[in-house]
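# Report on the structure
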Amino acid sequence: MRPLLKIRRGHAPNCSSGSSVVGVALVSATIAGALINLYADRFQQWIDDNGDDDDAPPRLRRETFGAILAWAGVQLYLSPRWAMAAVQAGALPVGDIEPIEVPGALQAPTEVHLSLTRKCPVKCADCYLDAGPDAPDADLGALAQTLEALAEMGVFEVAFGGGEALLRPEVLDLADTARALGITPNLTTSGFGVTEGVAQR
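Thresholds, definitions, all that
- Residues numbered from 1 in each chain as written.
- Predicted model: local features only at pLDDT ≥ 70, side-chain atom pairs only at ≥ 80, totals over all residues.
- Heavy atoms only, no water.
- Helix = DSSP H or I, 4+ residues; strand = E, 2+ residues; numbered from the N terminus.
- Buried < 20%, exposed > 50% of the residue type's maximum accessible area, 1.4 Å probe, protein only.
- Contact = heavy atoms within 4.5 Å.
- Areas by Shrake-Rupley, 256 points an atom, 1.4 Å probe, with all protein chains shown as cover.
- Arc of directions from axis to C-beta.
- Lys, Arg positive; Asp, Glu negative; His and termini not counted.
- Salt bridge = Lys/Arg side-chain N within 4 Å of Asp/Glu carboxyl O.
- Polar contact = N/O pair within 3.5 Å; in protein donor to acceptor, adjacent residues only side chain to side chain.
- Axes fitted to C-alpha atoms, helices over the stretch in contact; angles between N-to-C directions.
- Parallel < 35°, antiparallel > 145°, perpendicular 65-115°, else oblique.
- Left-handed = near helix turned anticlockwise from the far one by under 90°.
- Nonpolar A, V, L, I, M, F, W, Y, C, P; charged D, E, K, R; others polar.

### Quick notes on the overall build of the chain
In terms of regular secondary structure, the chain is built from five helices and eight strands. Tracing the chain from N to C terminus, the helices and strands come up as β-α-β-β-β-α-β-β-α-β-α-β-α. Residues classed as buried in the chain amount to 34% of the 201 residues present. Put simply, 72% of the contacts in the chain that link residues at least 6 apart link residues at least 24 apart. Total accessible area computed for the chain in this model is approximately 11,300 Å², and 56% of it derives from carbon and sulfur atoms.

In structure tokens form, the structure reads like this:
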């Protein structure tokens, strides 16, 4: 019996990435079976090796169907039996919240889009945030508290965006904070503010 119920890799955090997801969907449908088998085999090997690797332990959030495991750059949806095996192999349980008993509902989001600012050098007429050159920034202390709350909920990934997130020099420090809390950070950007130093960091 295969250990995986479902696998998630990649998502569209906002309007700027949605079009590429549609284009990839047709290719994804044809390789989904092979990808699931590949990760099922890798996961089985990780279980057999009792979680023996040099990386930080993967995070596991219990769900009504079993659990979601953030492991090897993907989110694996596991049955109860394999969720227990993952914990025994060293997965770190997260998401200390009251269980949700709504059929099909997750305990918390798997990823969250966090707007750091409404500032943007461009003022697009259809911007969902009404971003522009003179728009305000989000409070830095509130953003840090939000990251802590997301970690407690068991959120696996946060997409920092805006406006244009790179107009906030603190974005890289917030990414470090997210990673220290066990959340994978990613960035939604138009490219404004990208320098060689920022790109390397």
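### Brief notes about helix α4 (residues 171-180)
For the α-helix, the turn length of 3.6 residues means that residues three or four positions removed from each other point alike. Val 171, Leu 174, Ala 175 and Ala 178 are the residues of α4 that are buried. Seen along its axis, α4 keeps its buried residues to an arc of 105 degrees; they face one direction. On its buried face, α4 sits against α3 (140-153), β7 (157-161) and β8 (184-187).

### As for the side chain of Arg 59
Mapped onto the elements, Arg 59 comes out in strand β2 (residues 59-63). One buried charged residue, Arg 59, remains without a salt bridge, the closest side chain of opposite sign being Glu 157 at 9.4 Å. From its side chain, Arg 59 meets the backbone oxygen of Gly 182 in a polar contact 2.9 Å long. Contact partners of Arg 59, with chain neighbours within four places excluded, come to Ile 68, Leu 69, Ala 70, Leu 92, Val 94, Ala 151, Gly 154, Val 155, Phe 156, Leu 181, Gly 182 and Ile 183.

### Some points on the packing of α3 against α4
At a minimum axis separation of 10 Å, α3 and α4 run at an interaxial angle of 20 degrees. One element, α3, and the other, α4, form an angle in the roughly parallel class. Our pair here, α3 against α4, has a crossing hand that is right-handed. On α4, the residues that touch Leu 140, Leu 143 and Leu 147 of α3 are Leu 174, Thr 177 and Ala 178. Looking at side-chain class alone, the contact of α3 with α4 contains five nonpolar, one polar and no charged residues.

### A word on unusual backbone geometry
A cis amide bond, omega 25 degrees, links Gly 162 with the succeeding residue Gly 163. Relative to the helices and strands, Gly 163 resides in the loop between β7 and α4. Phi at Asp 130 takes a positive value of approximately 55 degrees, unusual for a residue other than glycine. Structurally, Asp 130 can be placed in the loop between β6 (111-115) and α3.

### Focus on the environment of Gly 154
Following the sequence through the fold, Gly 154 ends up in the loop between α3 and β7. For the pair formed by Gly 154 and Arg 59, sequence separation is 95 residues and the distance between their alpha carbons is 8.2 Å.

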